Each structure stands twice: as structure tokens, then as C-alpha cells.
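Fold and geometry: a report
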Amino acid sequence: KAGVTQTPRYLIKTRGQQVTLSCSPISGHRSVSWYQQTPGQGLQFLFEYFSETQRNKGNFPGRFSGRQFSNSRSEMNVSTLELGDSALYLCASRLRPQETQYFGPGTRLLVL
Amino acid sequence: AQKVTQAQTEISVVEKEDVTLDCVYETRDTTYYLFWYKQPPSGELVFLIRRNSFDEQNEISGRYSWNFQKSTSSFNFTITASQVVDSAVYFCALSGGSGATNKLIFGTGTLLAVQP
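Residues numbered from 1 in each chain as written. Chains lettered and ligands numbered in written order. Predicted model: local features only at pLDDT ≥ 70, side-chain atom pairs only at ≥ 80, totals over all residues. Heavy atoms only, no water.

Describing the overall build of chain A
- On a plain count of helices and strands, chain A comes out with 0 helices and 11 strands.
- Seen in sequence order, chain A has helices and strands lined up from the N terminus as β-β-β-β-β-β-β-β-β-β-β.
- For 112 residues, the compact-globule estimate of 2.2 N^0.38 gives 13 Å, and chain A sits close to it at 13 Å.
- Along the three orthogonal principal directions, the C-alpha set of chain A runs to about 35 × 25 × 25 Å.
- A sequence separation of at least 24 residues applies to 54% of the contacts in chain A between residues at least 6 apart.
- When the accessible surface of chain A is summed, it comes to about 5,300 Å², and 48% of that surface belongs to carbon and sulfur atoms.
- The positive charge centre, built from 13 side chains, and the negative charge centre, built from 6, are 3 Å apart in chain A. (Helix = DSSP H or I, 4+ residues; strand = E, 2+ residues; numbered from the N terminus. Rg over C-alpha atoms; globule rule 2.2 N^0.38 Å. Contact = heavy atoms within 4.5 Å. Areas by Shrake-Rupley, 256 points an atom, 1.4 Å probe, with all protein chains shown as cover. Lys, Arg positive; Asp, Glu negative; His and termini not counted. Charge placed at Lys NZ, Arg CZ, Asp CG, Glu CD.)

Here it is as C-alpha cells:
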């Protein structure tokens, strides 16, 4: 079975721009979660989607949003980028909530 | 509140040495799950093990073993006869049983460097 895939793998943006990251879960998995990893804050939960509904959200500003499509693929969007948004964004999928999460390779975002 | 503490920031060992990575957790949930993930330089988090709060049985998988003790809220990870390929950052994580706590709370990670 193919693992979690994320596109793009690397991204460079400038302050004020917006960005959309994509995640395709493992086949059959209906839950997708997003995490941000920075040297200062470590790994932090952004949000989780299950069957196209957001079921949990972390403590991030409204500039961070996401959605899930009927095929379970998910996108996250960050508007009005700030320098502090530079991070590795990791997507994880699982069959359903409370199951083990499996991670993708991540998208490295650099905001200049 | 849920919290995971990995007090060891960096550990350096020589190949074939045994090494133990410590993990201490805090939670008010009666049902919870503990995990270990490995993050090599490529960045992807690789799942290693999951433990349920009601199952304190220790586990061994090849050179890896895990010791779960509810009495001390610890879930330690031992690598026996370490190899250079074990070099990575290792994260311990906690997930609650339901609702808002059912997300991964990570520790700060332990960087393991295995020298040849």
C-alpha cells in the first residue's frame, strides 16, 4: 500500500502571500491530521478532518485553515504568511479516530 | 492537561552500545495511547510502536524494546546493540481516549547519534 503523500515537498514564499499544501492519505484511511514542526515550538497539532468534517483544531490563528474532500484527500491553507510560518508541515492519516497515525514526508515551507 | 517530557535532548553512543530513551507523560484521561516515532534527517515521522493505557505488557521487537510503567507514568525505549542507522530524532507521543484529546501530543524529541 502506498504511504501518505504530500505535495509540494518544498516551497518558498514571501511574507503576505498565501500557500496551499496537499495531502493524500493511505488508501482507505478517512482521517487526516496536520502538524507543524518548528525548532522553537516542536511538533504541534493543527487540525484533523474525518469524513470531510473538521473534528479537532489546535491553537493556531484563523490564517490556518483546511478542508477534506470526498476522496479523503486534504488541503491546508495559510493566508497572509508570516516569517514564523516557516516550518515543516506534516500530514498524517489513519483509518479512523483513535487509530495509529501514519505520517507523510512533509512539506518544508520557507517564508522570506 | 496532557504533556510529554523527554528530558534527554541529545545522546551520543558508540555502535553496539545499548541506549535507553526516557519518556514521562501526564494525562487525566483514564484511556490513553502512547507512541514512539523515529524522524530521520529526511523528515518523515516513522511509526515504531503504540501502547494502550490498559496494557502494561512490555514489548520487544528485534533490537527494540519498550518498558511501560503506569506507576511512574513512563514509557521508555531501549535500543540494544545500536547501529549507525539508528541515528535519528526519536519522539514520544501521547493521545487521549476521545474527543478533543484524541490528537498526538509530542515530546521535544531526543537526538540519538550513533558513532561508528
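Remarks on a nonpolar patch on the surface
Residue and element names in this part refer to chain A.
- On the surface, Ile12, Leu110 and Leu112 cluster together into a nonpolar patch covering about 300 Å² of accessible area.
- Inspection of the secondary structure assignment puts Leu110 in strand E11 (residues 107-111).
- Classification of Leu110 as partly exposed rests on a relative accessible area of 39%. (Patch = residues over 30% accessible without salt bridge, like charges linked within 9 Å, V, L, I, M, F, W, Y side chains within 5 Å. Salt bridge = Lys/Arg side-chain N within 4 Å of Asp/Glu carboxyl O. Buried < 20%, exposed > 50% of the residue type's maximum accessible area, 1.4 Å probe, protein only.)

Details of the packing of aromatic side chains
- For the structure on display, the rule yields 20 aromatic pairs over all chains.
- An aromatic cluster is present here, built from A:Tyr35, A:Phe45, A:Tyr102, A:Phe103, B:Phe35, B:Tyr37, B:Phe47, B:Phe91 and B:Phe106 joined pairwise through their rings. (Phe/Tyr/Trp six-rings, centres within 6.5 Å; stacked < 30°, edge-to-face > 60°.)

Re unusual backbone geometry
Residue and element names in this part refer to chain A.
- The omega angle of the peptide bond from Thr7 to Pro8 is -10°, so this bond is cis rather than trans.
- Within the secondary structure, Pro8 is located in the loop between strand E1 (5-7) and strand E2 (10-13).
- Even without glycine at this site, Glu52 takes up a positive phi of about 70°.
- With respect to the helices and strands, Glu52 occurs in the loop between strand E5 (42-50) and strand E6 (53-57).

Some words on the sheet that holds strand E7 (residues 64-68) of chain A
Residues and elements named next belong to chain A.
- With antiparallel pairing, the 4 strands of this open sheet are ordered in space as E1-E3-E8-E7. Among the strands making up the open sheet, the edge pair consists of E1 and E7. Sheet twist, expressed as the average angle between the axes of neighbouring strands with direction ignored, equals 20°.
- Two strands pair when backbone bridges link them, and strand E3 (residues 19-24) and strand E8 (residues 74-78) are joined in this way by 5 bridges, in the antiparallel orientation. Bridge pairing in E8 places Thr20 opposite Asn77. (Pairing = 2+ DSSP bridges. Axes fitted to C-alpha atoms, helices over the stretch in contact; angles between N-to-C directions.)

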